[in-house]
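Each chain is listed here by its residues.
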Amino acid sequence: MRRSSTVSILSSTQTGHPPITVTQPHLPPLEEFLPYLEKIWNSKVLTNGGPFHKQFESALADYLGVPHVSLFTNATIALVTALQALRISGEVITTPYSFVATAHSLLWNGIKPVFVDIDPHTYNMDPQKIEAAITPNTTAIMPVHCYGRPCDTEAIQRIADDYNLKIIYDAAHAFGVQHHGQSVLNAGDMSILSFHATKVFNTFEGGAIICQDARTKQHIDHLKNFGFVNEVTVVAAGINGKMSEFNAALGLLQLKHMPAVLERRAQIDAIYRDRLGQVDGVEVPQWPAHDRLNWSYFPIRIKPHFGLSRDELYEELKRLGIAGRRYFYPLISEFPMYRGLPSAQMSMLPHATEASREVICLPQYPGLQDADVHRVCDSIEAAATQVKAMPLAA
Ligand code: T4K
């Protein structure tokens, strides 16, 4: 039985607190970046594989523990290019519980996405659902390490080996994540990172493809530069996916700040977990103990006995000046360009559908103060307490 109305608490202007956004980019002190800018201004090398691009590529490979990195202008163009590099066609098995760029990269290559359901606890593609979705047209699997939590890479690799399929991981959320002691970015044939402003590690806009051999990297590097090999030779119908010197210089500097950024994110995660783990009807994420995570998101699940629906809580927090985000609602499979696909039917995707109706990601970024985190927790607790004190509707 439902309560008679939703709670109505004070708005953020009434509470006198500044609004809290779901995320905020980490930026190094401006004075630390100025010497990098001076070098760019003096050299006038702005793009096309300049010195910062080279340095950042190599520093990033070391930092991440991967053999080869190709920098890109963003993750979406990197996903599109990775599919080109591996000459993927036909059908690709993927998840509906992600940002639209995952599936859009398939459509941009004329590939048919085939959605399979997620594991309700990890939010990642359920490997047990993959085999049944394979047809003679299947050429690859595109899983997502959702919220930075590693997929079951071993199970996915076994299936790919059995059916001779490629694996391209959308690792947009998985910067720096380690699975069983090594970079999760080394799983599969390629992994794609995003350095967008809203990500754990940002270069304003940016992205990268991680691959395992030098020849493949060279091919990717040709593809991201229109297919040019030299001044007069074009070997493929490539695209312009290059990262500029500005973004590469910023990335180089941002790497130095990553230990502090990750430490702060872990602290915020611990406060949320401690406080909200006690709230009836709220499920906090159970991160795997054997993996090193990046605490990129804090997704909580609002169960029916919380008293408010996820959307009611989302609106209530918004009124209080706290921006949670419903990543990932709607599902990719609900958008008009996908919903006609047989694999997009909700009855085939019960766990993804339920998660998209119950999950809200709470503010999580290194600039968030402890008091802000407690304010978010207080607001969630107060909403639950107040709604439970209300009379039941007849
Ligand atoms: N694959 C996956 C699994 C992805 O999640 C993404 C991107 C991609 C691929 C594609 O990567 P890129 O091609 O973008 O490299 C954001 C991002 O735009 C998007 O990059 C991200 N996933 C997605 C999950 O989230 P919104 O709609 O949340 O962005 P927005 O503009 O509403 O920003 C959220 C909050 O962040 C703002 O309220 C304030 C703060 N913010 C944002 C920006 C852009 C800032 O403080 N400064 C900023 O510059 O999409």
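Residues numbered from 1 in each chain as written. Predicted model: local features only at pLDDT ≥ 70, side-chain atom pairs only at ≥ 80, totals over all residues. Heavy atoms only, no water.

Asks: Provide a residue-level description of a nonpolar patch on the surface, including the pertinent values.
Replies: Where nonpolar side chains cluster on the molecular surface, the patch consists of Leu107, Trp108 and Met337 and spans about 370 Å² of accessible area. Along the chain, the position of Leu107 falls in helix H5 (residues 101-107). (Patch = residues over 30% accessible without salt bridge, like charges linked within 9 Å, V, L, I, M, F, W, Y side chains within 5 Å. Areas by Shrake-Rupley, 256 points an atom, 1.4 Å probe, with all protein chains shown as cover. Salt bridge = Lys/Arg side-chain N within 4 Å of Asp/Glu carboxyl O. Helix = DSSP H or I, 4+ residues; strand = E, 2+ residues; numbered from the N terminus.)

Asks: So what's going on with the environment of Asp221? Which residues, and what values?
Replies: In this fold, Asp221 is placed in helix H8 (residues 214-223). At a separation of 2.7 Å, a polar atom in the side chain of Asp221 contacts the side chain of Lys217. (Polar contact = N/O pair within 3.5 Å; in protein donor to acceptor, adjacent residues only side chain to side chain.)

Asks: For the side chain of Glu334, give the residues involved together with the corresponding values.
Replies: By the secondary structure assignment, Glu334 is in the loop between helix H10 (310-319) and helix H11 (350-358). The exposure class of Glu334 is buried, given its relative accessible area of 19%. Look past the residues within four positions of Glu334 in its chain and what remains in contact with it is Arg339, Met346, Ser356 and Arg357. (Buried < 20%, exposed > 50% of the residue type's maximum accessible area, 1.4 Å probe, protein only. Contact = heavy atoms within 4.5 Å.)

Asks: Mind laying out the packing of H10 against helix H12 (residues 370-389), listing which residues take part and the relevant values?
Replies: Where H10 contacts H12, the axes come no closer than 11 Å and their chain directions differ by 125 degrees. Considered as vectors, H10 and H12 are oriented oblique to each other. Handedness of the H10/H12 crossing: right-handed. Counted together, Leu313, Glu316 and Leu317 of H10 and Ser379, Ile380 and Ala383 of H12 form the full contact between these two elements. A class-by-class count of the residues in the contact of H10 with H12 yields four nonpolar, one polar and one charged. (Axes fitted to C-alpha atoms, helices over the stretch in contact; angles between N-to-C directions. Parallel < 35°, antiparallel > 145°, perpendicular 65-115°, else oblique. Left-handed = near helix turned anticlockwise from the far one by under 90°. Nonpolar A, V, L, I, M, F, W, Y, C, P; charged D, E, K, R; others polar.)

Asks: Break down the sheet that holds strand S2 (residues 91-94) for me, citing the residues and quoting the values.
Replies: On the basis of which strands lie adjacent, the open sheet formed by seven strands has the order S1-S9-S8-S5-S4-S2-S3 and mixed pairing. In this open sheet, the two strands that pair with only one neighbour each are strand S1 (68-72) and strand S3 (112-115). Each strand axis lies, on average, 25 degrees off the axis of its neighbour in the sheet, ignoring direction. Looking at chain direction, strand S5 (residues 166-170) and strand S8 (residues 190-194) are connected through three bridges and run parallel. (Pairing = 2+ DSSP bridges.)

Asks: I'd like to hear about the site of the ligand, residue by residue, with values.
Replies: Within the structure, the ligand sits among 24 residues, and Thr76, Asp170, Ser194, Lys199 and Tyr327 are positioned closest to it. Between the ligand and Lys199 there is a distance of 2.8 Å, counted from a nitrogen atom to a side-chain nitrogen or oxygen. Within the side chain of Tyr327, a nitrogen or oxygen atom sits 2.5 Å from an oxygen atom of the ligand. Against a free-state accessible area of 910 Å², the protein chains account for coverage of 73% of the ligand. Within the residue set of the shell around the ligand, elements represented by two or more residues are helix H4 (75-85) and H5. (Near = heavy atom within 4 Å.)

Asks: An account of helix H3 (residues 51-64) is needed here, citing residue identities and associated values.
Replies: If you check H3, its first and last C-alpha atoms are 20 Å apart, about what 14 residues at 1.5 Å a residue would give, namely 20 Å. Along H3, the positions that sit buried rather than exposed are Phe52, His53, Phe56, Glu57, Leu60, Ala61 and Leu64. Taken around the axis of H3, the buried residues stretch over an arc of 160 degrees, which confines them to a single face. Seen from the open side of H3, the exposed residues pointing more than 90 degrees away from its buried face are Lys54 and Asp62. Just downstream of H3 lies Gly65, where phi reads positive at about 75 degrees. (Expected span 1.5 Å × (residues − 1). Arc of directions from axis to C-beta.)

Asks: Got a sec to walk through the sheet that holds strand S12 (residues 282-283)? Specific residues and values, please.
Replies: Strand pairing in a sheet is mediated by backbone hydrogen bonds. Such pairs are either parallel or antiparallel. Read across the open sheet, the three strands follow the order S12-S13-S14; overall the sheet is antiparallel. The open sheet terminates on both sides in strands that have one partner only, identified here as S12 and strand S14 (359-362). Pairing of S12 with strand S13 (residues 298-302) involves two bridges; the strand directions are antiparallel. Considered in S13, the bridge of Glu283 is made with Arg301. Relative to the sheet, helix H9 (residues 245-276) contacts S12, S13 and S14, its axis offset from that of S13 by approximately 15 degrees.

Asks: Quick rundown of the nonpolar core? Include the residues and the values.
Replies: Of all hydrophobic cores here, the largest spans 34 residues; its most connected members are Phe56, Leu60, Phe175, Leu193 and Phe195. Elements supplying a minimum of two residues to this core: helix H2 (30-43), H3, S1, strand S9 (207-211) and H9. The element best represented in this core is H9, accounting for nine residues. When residues are assigned to domains, this core turns out to be shared by domain 1 (30-253) and domain 2 (258-389), each giving three or more. Ranked by size, the runner-up nonpolar core spans 30 residues in total, among them Tyr272, Leu362, Cys377 and Ala384. (Core = buried A, V, L, I, M, F, W, Y, C linked by side-chain atoms within 4.5 Å. Domains from an automatic or database assignment.)

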